[in-house]
Amino acid sequence: MTKKIITKKEVEYVARLAKLEFNEEEKGEFTSQLNTILDYFSKLNELDTEKVEPTAYVVSQDNLLNEDEIKPSLSPEEVFSNTPYIQKGYFKVPKIM
Amino acid sequence: MKEEVVIGLEVHIQFMTKAKIFCQCSTDYLGKGPNTNVCPICLGLPGSLPVLNKKVLEYALRTALALNCEINQVSRFHRKNYFYPDLPKAYQISQYDWPLGFRGHLEISIPPSGVRRRIGITRVHIEEDAGKLIHEGDIASSTYSLVDYNRSGIPLAEIVTEPELRSPEEARIFLMQLRSIVQHLEVCDGNMEEGSLRCDANISIRDSQTGVLGTKTEIKNMNSFRAVKKALEFEVERQKKLLAKGIKIVQETRHWDESKNITVSMRGKEEAQDYRYFPEPDLLPLKISPEMIEKIRRTLPELPESRKERFIKVYNLPEDDAEVLISNKALGDYFEKASAFYADKKILINWVRGELLYNLKEKKIEVEQSPISPEKLVGLLKLIDEGVISGKIAKTVFEKMFESGKEAREIVQEDKITQITDQNELIKIVDRVIEENPQSVEDFNQGKEKALHYLVGQVMRYTQGRAKPDFVSQAIKERIKN
Amino acid sequence: MTLHQLSASEVVNLVKEKKVSVSEIIQDLYDRIAKVDPLVKAFLILNQEEALKQAKEIDTKVKKEEELPPLAGLAIAVKDIIATKGIETTCGSRMLKGFYPPYNATVIDKLKEAGAIIIGKTNLDEFAMGSSTENSAFGPTYNPWDLERVPGGSSGGSAAAVAADEAFIALGTDTGGSIRQPASFCGVVGLKPTYGRVSRYGLIAYASSLDQIGPITKNVSDSALLMRIISGPDNRDSTSVDLPVPDYLKSCQEEIKNIKIGVPREYFVEGMNFEVKDVVYQALKLLEELGAKIEEVSLPHTEYSLPTFYLIATAEASSNLARYDGIQYGYRTENYKDLSSMYQRTRSEGFGPEVKRRIMLGTYALSSGYYDAYYLKAQKVRTLIKEDFTRVFSKYDILVTPTSPTPAFKLKEKMADPLTMYLSDIYTIPVNLAGLPALSLNCGYSKGGLPIGLQLIGKPFEEETILRVAFNYEQNNKVEKRKPLQNLSPQKMVG
């Protein structure tokens, strides 16, 4: 039996943030799988990292910069080649509210 | 309870670069068809990567330095994650823990007293703009929405103030002066109506005796300087009324409804925000050397405050005239350009502040788009000086110039409104008026000054105002005496 | 030897020497694919018409005696997570079924310019999330050495295609071992370059700070050949590093006398597969015979790599995969009433279970209140893992380890338990966290005839050294070289 680190309610909250939906069975399964994984991950707490700097990037060099110059944009055919949801040159999305 | 208003602003300015912030699509999207200035990067297509536009960094540094900010020697980007159709990657590349500039200030002067107030600038950071959503009708009743990504990836700076503004009017003044600064820096055109300068506000009421700060609300959708003032005034009153009734203020976002002149709660229409910021792995940290900062500091253009001082000193302008000129960079430029060709600054400023500003405002035209260029205005003023037209006629000519964009001289010639300078011709008309009005002549001879005015008026009528009144008056007196 | 059995360098030379036409080569390859791929299922998409057209164009050039680009006529398979203009790019996901990118990845532009011909897009775990290629929405790929086993993953299609002679060379991507582990399972050579060596532009992101594109090849010199073409700075990828690209083939020729090899003790733990251990020790012995100095070293934070990796990778993935929202491209559910339900259903129906699991894990690790405990903690441990390597590399030139704790496992064996599946990447993950280059090459077989891989880890941007050691090893390895699926009887094909 692994520790309860994440509750079903938290799983529901995270699912809302990630824009995913699950049925009850899936929620249960995810909760238990995530708990197993997070329990294993709690191994990291063995390490004292108080004075350790985090690593976000493994390469260090000056940032590459673009010149302020214009290059051609995509053609409308290319822009809309991957969706049928088009109206008068716009992408069409369902009602927001 | 003694109440004090506490306002902090969050201002977004669009940078006037040629290309977008992370790709090389054009930023010139106004009037373009939807989704025409887009590429895999600003559409957020899978596999595309951002590369920062050099000019954006330069403009942001200029802005931060002009606002007296300290500059982070290492600055970096974060991802702000949320879903919305105008945000093609479902995250906005922004800055979070290491913004470009921080801990700055802007000193504003409050007219008419000129009292100075120092407003703290919390941070200045770089981020990308989102696309635009268009709804059939309004957002709530629309059955679908349309997305245009032309604006996606337009470079923005976010400028956040400390909560140190004490009234809606102060907020408006701060925003006007900030606009003038970014205009003078030539990084942003400052057009609120077109959205190149946008402003949200946090507002709360503090009990100035206990120092206890009330719950704040965030006000959005204020699309003009006037709207900022009106929305905040409404919100101050709303909060005060609630407090007076002992009702708790809810921390929430409220939209300014321009047509109803009220702020409306967006509660329930927005989900709880958990942006899950984390360092953007696709962009390396920005190292900004002290040399680079110095170079930009040295090459900062003249800012409104020093320009005002210069206007006062060099052109001998009163402070309030100078203040008006620097409030909008283009207006100051207009004045300077005109004054290069025209010596009498007093006359010039009167025309600029008077006729020019009045007509621009009336017709809702920006100074840059003025149909009367500085050169053309000077052309008009010179006609007055040469005595070709009177000051009064000049105003009519000005309006015709404003409508047609023509030169003053052209209008005067077309309409034959040149002043009659031929003395012989004028004397003939004077003689005729004397002959036709014996009663008035007699009245004048008996010392009635009013009669002289009447006679002058008659001459002006015959000449359709093209005569010089003082010359006419002198001529009448002499002809009657003789 | 038939055409499809050739190595990449052999093909390139034959074309240059006009001994064979490119059209013949490409046709032979498609014949081989037609015969073998119904069993292996390495490819998701074939680019036959276009490939044959390009072959003809090169043949015309050859006839006209025009100068040929360096890889003229070389057929290449591309993992279907690399954007190819005009060729469907699915990432092994229902979400991107039917997606045609309007642009090429930088590596594709470079390969095309070098005269290579894309023969097809290969199968993978959905969005490269997996270690067995079983997570593909379009069905699994089978290991050519044993069709009941997985080819490894996530670049399983690429590794299997090269192993089964369905391609001379393939591109894979490696976030936590996705090139090296399948290369090991399929008995081919897989190289994950240093982070920043190869442009990521057009590589559809799983975890941006860990992803790299690399070659999967039949031998070490082909890896060197391809690296020369695809490496180098790119003004479309800020994280690509501005360093000159060495002549890797030339460096392979140097010997390895006195090279210092470290063998991390943490990689030889109790319970590891004894066949893997034996074969790796034999390989070390051979390297020693070639003059290398071998010593045991310690990378003390190795055991923390797995949680560190999965926290960072899933956090980045949760953000990278947020763009699949049904608006501009890809799958959109038909069953929605408003924007919010469109988002949720599209993403729930479009993604497979492993992808959803990782998005959930990553979203949780970044969410308010948990960032410090999970994401930030993992970034700090990443520093410790990186420092382990820096310390060891101050004394040693390369590190040698097994690529995977076991040879290829059976299909479905690990699907029920995600954590067990994650553990199969335990030897490859630390390399990605530290951004180092590493290569896997075959060093023998299990008694059951399954290939076993040897992993060589190098210092940042010193791909030359690992290629050189690998080349020397390969040239001197006396173990008989085997090839799978050689004598297919018609009956066997039906099964």
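Counting starts from 1 at the beginning of each chain's written sequence and moves along it residue by residue. Here the convention is simple: chains get letters from A, ligands get numbers from 1, in the order in which they are written. Predicted model: local features are reported for residues with pLDDT of at least 70 only, side-chain atom pairs are reported and counted for 80 or more only, and whole-chain, interface and lining totals are derived from all residues. In computing side-chain properties, one takes all heavy atoms of the structure into account and sets aside hydrogens as well as water.

### Quick look at the interface of chain A and chain C
One widely used convention gives an interface's size as the accessible area the parts lose upon coming together.
Move 1: Contacts are assigned to residue pairs that have any heavy atoms within 4.5 Å of one another. Taken residue by residue, the interface counts 50 residues in chain A and 69 residues in chain C.
Move 2: Computed with a 1.4 Å rolling probe, the buried area is the accessible surface lost when two parts are put together, summed over both parts. For chain A, the biggest contributors to the area lost against chain C are Leu44(A), Val58(A) and Asn82(A); these three give 12% of the whole.
Move 3: Between Lys43(A) and Glu303(C) there is a salt bridge, with its nearest N and O atoms 2.7 Å apart.
Move 4: Polar contacts, as used here, are pairs of N or O atoms within 3.5 Å; protein pairs need one atom able to donate a hydrogen and one able to accept it. Residues neighboring in sequence count only if both atoms are side-chain atoms. Applying the counting criterion to the chain A and chain C interface returns 19 residue pairs in polar contact (both at pLDDT 80 or more).
Move 5: Of all the secondary structure elements, the ones that give two or more residues to the side of chain A that touches chain C are α1 (8-17), α2 (24-41) and β3 (90-94) of chain A.
Move 6: Strands are runs of DSSP state E lasting at least 2 residues, helices are runs of H or I lasting at least 4, and numbering of each runs from the N terminus. For the side of chain A that touches chain C, the leading source of residues is α2(A), giving eight residues.
Move 7: Three classes are used: nonpolar for Ala, Val, Leu, Ile, Met, Phe, Trp, Tyr, Cys and Pro, charged for Asp, Glu, Lys and Arg, and polar for all others, with Gly counted as polar. Across the side of chain A that touches chain C, the residue classes break down as 29 nonpolar, 11 polar and 10 charged. A pair is scored as a salt bridge if a Lys or Arg side-chain nitrogen falls within 4 Å of a carboxyl oxygen belonging to Asp or Glu.

### Some thoughts on the sheet that holds strand β5 (residues 189-192) of chain C
All names here are of chain C.
Move 1: The pairing criterion is simple: DSSP has to find at least two bridges between the two strands. What the 11 strands build is an open sheet, ordered β1-β3-β2-β4-β6-β5-β10-β11-β9-β7-β8; its pairing is mixed. Each edge of the sheet is formed by a strand with only one pairing partner; in this case those strands are β1 (43-46) and β8 (293-297). Taken pair by pair, the neighbouring strands of this sheet meet at an average axis angle of 30°, ignoring direction.
Move 2: In this structure, strand β7 (residues 260-264) lies alongside β8, joined through five bridges in parallel fashion. Residue pairing in the sheet places Ile-261 in a bridge with Ile-294 of β8.
Move 3: Contacting β2 (75-79), β3 (117-122), β4 (169-174) and β6 (212-217), helix α4 (residues 106-113) crosses the sheet at an angle of about 165° to β4.
Move 4: Contacts between helix α13 (residues 372-393) and the sheet are confined to β8, β9 (398-402) and β11 (451-458), with β9 contributing the most and set at about 120° to the helix. Only the contacting stretch of a helix is used when fitting its axis, a line to C-alpha atoms as for every element, and angles between N-to-C directions run 0 to 180 degrees.

### A short note on the confidence of the model for chain C
All names here are of chain C.
Move 1: Looking at chain C, pLDDT values average 95 and 98% of them are 70 or higher.
Move 2: Per-residue confidence from the predictor is reported as pLDDT, which spans 0 to 100. Low pLDDT, under 50, characterises residues 490-495; the predicted model gives this stretch six contacts beyond four residues in sequence or across chains.
Move 3: For this predicted complex, the interface confidence score (ipTM) comes to 0.97, while the overall pTM stands at 0.92.

### Focus on the side chain of Asp338(C)
Move 1: Summarising the element assignment, Asp338(C) is placed in the loop between α10 (305-320) and α11 (339-350).
Move 2: Polar side-chain contacts of Asp338(C) include one of 3.0 Å to the side chain of Ser341(C).
Move 3: Those residues within four positions of Asp338(C) in sequence are excluded, and the remaining contacts are Pro94(A) and Lys95(A).

### Some remarks on helix α5 (residues 304-314) of chain B
Residues and elements named next belong to chain B.
Move 1: Residue burial is assigned from relative accessible area. The probe radius is 1.4 Å, only protein chains are included, and a residue is buried under 20% of its type maximum, exposed over 50%, and partly exposed in between. Of the residues making up α5, those classed as buried are Pro-304, Arg-307, Lys-308 and Phe-311. Looking straight down α5, one finds its buried side chains confined to an arc of 105°; they lie on one side. Exposed residues pointing more than 90 degrees away from the buried face of α5 are listed as Lys-313 and Val-314.
Move 2: Elements in contact with the buried residues of α5: β7 (101-110), α2 (168-184), α6 (319-326) and α7 (329-339).
Move 3: Positive phi appears at Asn-316, one or two residues downstream of α5, with a value of about 60°. Along the arc lie the directions from the helix axis toward the C-beta atoms.

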